[in-house]
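The residues making up each chain are set out below.
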Amino acid sequence: MVLISEKTKRKYRKLFKRIWEKKMLYLFLLPAIIWYFIFCYIPIGGLILVLKDYSFAKGIWGSPFSEPIFKNFIMFFDNPLLGSMIKNTVVISVLRLTLFPLPIVLAIMLNEVKHPRYKKLVQTVTYFPFFISWAIITSMLEQLLTPYGQGGPLYGLLTMFDNSNTIKYFLVDANYFHPILLISGVWKTLGWNSIIYLAAITGINPELYEAAKIDGAGRFAQIRHVTLPGIRVTIGL
């Protein structure tokens, strides 16, 4: 039997009392907790598949365990393409990390736009690609980069700068894999990722900008000494 000290009991009483006093605020968390439970915790049971010979007819729990139990792990580590897969994962992650400042730059640029209609137009154009599925984007890239017939418009533009008459298949050429992946990823997510930074910028006290102007700070100085320090917590998160 576990004995709980009086100090610990008092601590828990205070905790439950504080939760009860702010119960309405905690109720606001309930939809998020339910969402996480359904979509993040329940699927964890599917991890047992790595130890099973999965059968669609028998389902996850009805499928038998592998013989030996770690057969799937052995197959994975014996895969001759394992080195290439790990390399691609690391390279793509590092390259994406180097592009991390782009949404911040876009948010700052949008904040500096004073014409409301032009600002809304730019926001709409940059946000819209986020709502296009990757399947459609892949199809678009195939049409833009196809070498068949007269060639896609982007294919024609790229080949204009190359004196070679050799037909290039950009989507199956390993040399173009990383550039196409990164450029399409930036195009799709740049506007959407900038929303949180733009929201953080709008939360900065306007009086700070006024004070900076009085001190003689120009646009770039205001960005450096007011905007960036004002959103550094958001950037850190």
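Rules used throughout
- Residues numbered from 1 in each chain as written.
- Predicted model: local features only at pLDDT ≥ 70, side-chain atom pairs only at ≥ 80, totals over all residues.
- Heavy atoms only, no water.
- Helix = DSSP H or I, 4+ residues; strand = E, 2+ residues; numbered from the N terminus.
- Rg over C-alpha atoms; globule rule 2.2 N^0.38 Å.
- Axes fitted to C-alpha atoms, helices over the stretch in contact; angles between N-to-C directions.
- Parallel < 35°, antiparallel > 145°, perpendicular 65-115°, else oblique.
- Left-handed = near helix turned anticlockwise from the far one by under 90°.
- Contact = heavy atoms within 4.5 Å.
- Nonpolar A, V, L, I, M, F, W, Y, C, P; charged D, E, K, R; others polar.
- Salt bridge = Lys/Arg side-chain N within 4 Å of Asp/Glu carboxyl O.
- Buried < 20%, exposed > 50% of the residue type's maximum accessible area, 1.4 Å probe, protein only.
- Phe/Tyr/Trp six-rings, centres within 6.5 Å; stacked < 30°, edge-to-face > 60°.
- Lys NZ or Arg CZ within 6 Å of the ring centre and 35° of its normal.
- Core = buried A, V, L, I, M, F, W, Y, C linked by side-chain atoms within 4.5 Å.
- pLDDT = per-residue confidence, 0-100.
- Polar contact = N/O pair within 3.5 Å; in protein donor to acceptor, adjacent residues only side chain to side chain.

The helix and strand tally for the protein stands at 13 helices and zero strands. In the protein, the order of α-helices and β-strands from amino to carboxyl end is α-α-α-α-α-α-α-α-α-α-α-α-α. Radius of gyration (C-alpha) of the protein: 27 Å, far over the 18 Å computed for a compact globule of 237 residues. Across its three principal directions, the C-alpha atoms of the protein cover 85 × 75 × 30 Å.

All right, on to the packing of helix 6 (residues 101-112) against helix 10 (residues 177-202) then. Close contact between helix 6 and helix 10 brings their axes to 7 Å; oriented N to C, the two are set at 60°. Here helix 6 lies oblique to helix 10, going by the angle between them. Where helix 6 crosses over helix 10, the handedness of that crossing is right-handed. Along its contact with helix 6, which presents Leu-102, Pro-103, Ile-104, Leu-106, Ala-107, Ile-108, Leu-110 and Asn-111, the element helix 10 presents Val-186, Leu-190, Gly-191, Asn-193, Ser-194, Tyr-197, Leu-198 and Ile-201. In the contact of helix 6 with helix 10, the residues fall into 12 nonpolar, four polar and no charged.

Taken as a whole, this structure holds two salt bridges when the rule is applied. We note a salt bridge from Lys-71 to Asp-53, for which the minimum N-O separation is 3.0 Å. One end of the pair, Lys-71, is in helix 4 (residues 71-77); the other, Asp-53, is in the loop between helix 2 (23-41) and helix 3 (59-62), with 18 residues separating them in the sequence. The exposure class assigned to Lys-71 is partly exposed, which follows from its relative accessible area of 26%. Since its relative accessible area comes to 30%, Asp-53 is described here as partly exposed. A salt bridge links Arg-219 to Glu-112; its shortest N-O distance comes to 3.1 Å. Here Glu-112 lies in helix 6 and Arg-219 lies in helix 12 (residues 219-230), a separation of 107 residues in the sequence.

Here the focus is the packing of helix 7 (residues 116-127) against helix 10. Contact geometry for helix 7 and helix 10: axes closest at 8 Å, N-to-C directions at 130°. Classified by the angle between their axes, helix 7 and helix 10 sit oblique to one another. Contact with helix 7, carried on its side by Gln-123, Thr-126 and Tyr-127, involves Gly-191, Trp-192, Ser-194, Ile-195 and Leu-198 of helix 10 and no other residues of that element. Within the contact of helix 7 with helix 10, the residues separate by chemical class into four nonpolar, four polar and no charged.

Under the criterion given, the structure shown has eight aromatic pairs. The interplanar angle of 85° and the centroid separation of 5.1 Å between the aromatic rings of Trp-35 and Tyr-36 together place this pair among those described as edge-to-face. Classification of Trp-35 by relative accessible area gives partly exposed; the value is 45%. Overall, Tyr-36 belongs to the partly exposed group, its relative accessible area being 47%. Ring geometry for Phe-130 and Trp-192: centres 4.4 Å apart, planes at 5°, overall stacked. Here the residue Phe-130 occupies a position in the loop between helix 7 and helix 8 (134-145), and Trp-192 occupies one in helix 10, the gap between them amounting to 62 residues. In this structure Trp-192 comes out as partly exposed when scored by relative accessible area, which is 35%. Three or more aromatic residues link up through ring pairs in this structure, and these residues are Trp-35, Tyr-36 and Phe-39. Sitting over the ring of Trp-20, Lys-23 keeps its end group 4.5 Å from the ring centre. Over the ring of Phe-65 we find Lys-52; its NZ or CZ atom is 5.0 Å from the centre of that ring.

In terms of nonpolar packing, the biggest core is built from 17 residues, with Ile-201 and Ile-231 touching the most fellow members. For this core, the secondary-structure elements that each account for two or more residues are helix 6, helix 7, helix 10, helix 11 (206-214) and helix 12. Counting residues per element, this core draws most heavily on helix 6, which supplies five residues. The contact partners of Ile-231, leaving out residues within four places of it in the chain, are Ile-104, Tyr-197, Ala-200, Ile-201 and Ile-204.

A few words on the confidence of the model for the protein. A residue-level look at the protein finds 96% of positions with pLDDT of 70 or above and a mean pLDDT of 85. Across the protein, the secondary-structure element scoring lowest on mean pLDDT is helix 9 (residues 153-160), at 78, and the one scoring highest is helix 6, at 91.

Attention now goes to the environment of Ser-93. With respect to the element layout, Ser-93 can be found in helix 5 (residues 82-98). Judged by relative accessible area, Ser-93 falls into the partly exposed class, the value being 44%. A distance of 2.8 Å separates the side chain of Ser-93 from the backbone oxygen of Thr-89, its partner in a polar contact.

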